[in-house]
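Here's the letter readout for the chains.
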Amino acid sequence: QVQLVESGGGLVQPGGSLRLSCAASGSAFRLYAMGWYRQAPGKQRELVAGITSSGSATYADSVKGQFTISRDNAKKSVYLQMTSLKPEDTAVYYCKARYGSSWAITDAGQWGQGTQVTVSS
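Please read all numbers here as calculations on a predicted model, not as lab measurements.

**Some words on the pairing of strand β3 (residues 18–26)**
Residues in a regular strand project their side chains so that they alternate between the two faces of the sheet.
So, step 1. Bridge count for strand β1 (residues 2–7) against β3 is six bridges, and the pairing is antiparallel. In the sheet register, S7 faces β3, and the bridge partner there is S21.
So, step 2. As defined by bridge partners, β3 adjoins strand β8 (residues 77–82) across six bridges and the pair is classed as antiparallel. Its bridge partner being in β8, C22 is matched across the sheet by V78.

Here it is in structure tokens:
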């Protein structure tokens, strides 16, 4: 069981970069797969990137080569480095500690509160 606090969101121009952070507290962080999801207004929440306890990463096709997920188990944190941002990347970004066996949004896990990313001129 973990508690998650997200930070790093904000307003950026198209082509800009942001680094999102998710800080965890509680036990057994190093054992959890961690994911970043996003939800735009009026749309379903979707997986952006995930990383297993051993460091293997998974990305949505839409962000491959643009976003990078990483984790630091000593700091109990997971990060999302976002580059070449586009207006369609605008969304609330959530981190999740995965308790279940898949990245499905309905799978068991603990969600953070979300952080807003807005990409606009």
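**What to know about the side chain of R98**
So, step 1. Within the element layout of this structure, R98 appears in strand β9 (residues 91–98).
So, step 2. We note that R98 is buried and unpaired, the nearest opposite charge coming from D107 at a distance of 5.3 Å.
So, step 3. Polar contacts involving the side chain of R98 include one to the main-chain carbonyl oxygen of G100, which spans 3.1 Å.
So, step 4. Beyond its immediate stretch of four places on either side in the chain, R98 contacts Y32, A33, W103 and A108.

**Re the packing of aromatic side chains**
So, step 1. Taken as a whole and judged by the stated rule, the model has three aromatic pairs.
So, step 2. Both rings, one in Y37 and one in W111, keep their centres 4.8 Å apart while their planes meet at 65°; by these two values the pair is edge-to-face. Of this pair, Y37 sits in strand β4 (residues 33–39) while W111 sits in strand β10 (residues 109–111), and the two are 74 residues apart along the sequence.
So, step 3. Sitting above the plane of the W103 ring, R98 keeps its charged end 4.5 Å from the centroid.

**Things to note about the environment of S77**
So, step 1. Structurally, the position occupied by S77 is in strand β8.
So, step 2. What makes S77 buried here is its relative accessible area of 9%.
So, step 3. Sequence separation between S77 and A23 is 54 residues, and the spatial gap between their C-alpha atoms is 4.6 Å.
So, step 4. Beyond its immediate chain neighbours, meaning those up to four positions away, S77 contacts C22, A23, F29, S70, R71 and D72.

**Observations concerning unusual backbone geometry**
So, step 1. Unlike most non-glycine residues, A28 shows phi in positive territory, near 65°.
So, step 2. Within the secondary structure, A28 sits in the loop between β3 and β4.

**Topic: the pairing of strand β5 (residues 46–51)**
So, step 1. Relative to β5, β4 runs antiparallel, the two being bridged by five bridges. Residue pairing for β5: R38 is matched across the bridge by E46.
So, step 2. What sits between β4 and β5 in their antiparallel hairpin is a turn of six residues, with G42 showing a positive phi close to 75°.
So, step 3. The hairpin turn running from β5 into strand β6 (residues 57–59), its antiparallel successor, is five residues long, and G55 in that turn takes a positive phi close to 100°.

About the criteria used
Residues numbered from 1 in each chain as written. Predicted model: local features only at pLDDT ≥ 70, side-chain atom pairs only at ≥ 80, totals over all residues. Heavy atoms only, no water. Pairing = 2+ DSSP bridges. Helix = DSSP H or I, 4+ residues; strand = E, 2+ residues; numbered from the N terminus. Buried < 20%, exposed > 50% of the residue type's maximum accessible area, 1.4 Å probe, protein only. Lys, Arg positive; Asp, Glu negative; His and termini not counted. Salt bridge = Lys/Arg side-chain N within 4 Å of Asp/Glu carboxyl O. Polar contact = N/O pair within 3.5 Å; in protein donor to acceptor, adjacent residues only side chain to side chain. Contact = heavy atoms within 4.5 Å. Phe/Tyr/Trp six-rings, centres within 6.5 Å; stacked < 30°, edge-to-face > 60°. Lys NZ or Arg CZ within 6 Å of the ring centre and 35° of its normal.

None of this, on its own, says anything about what the molecule does.
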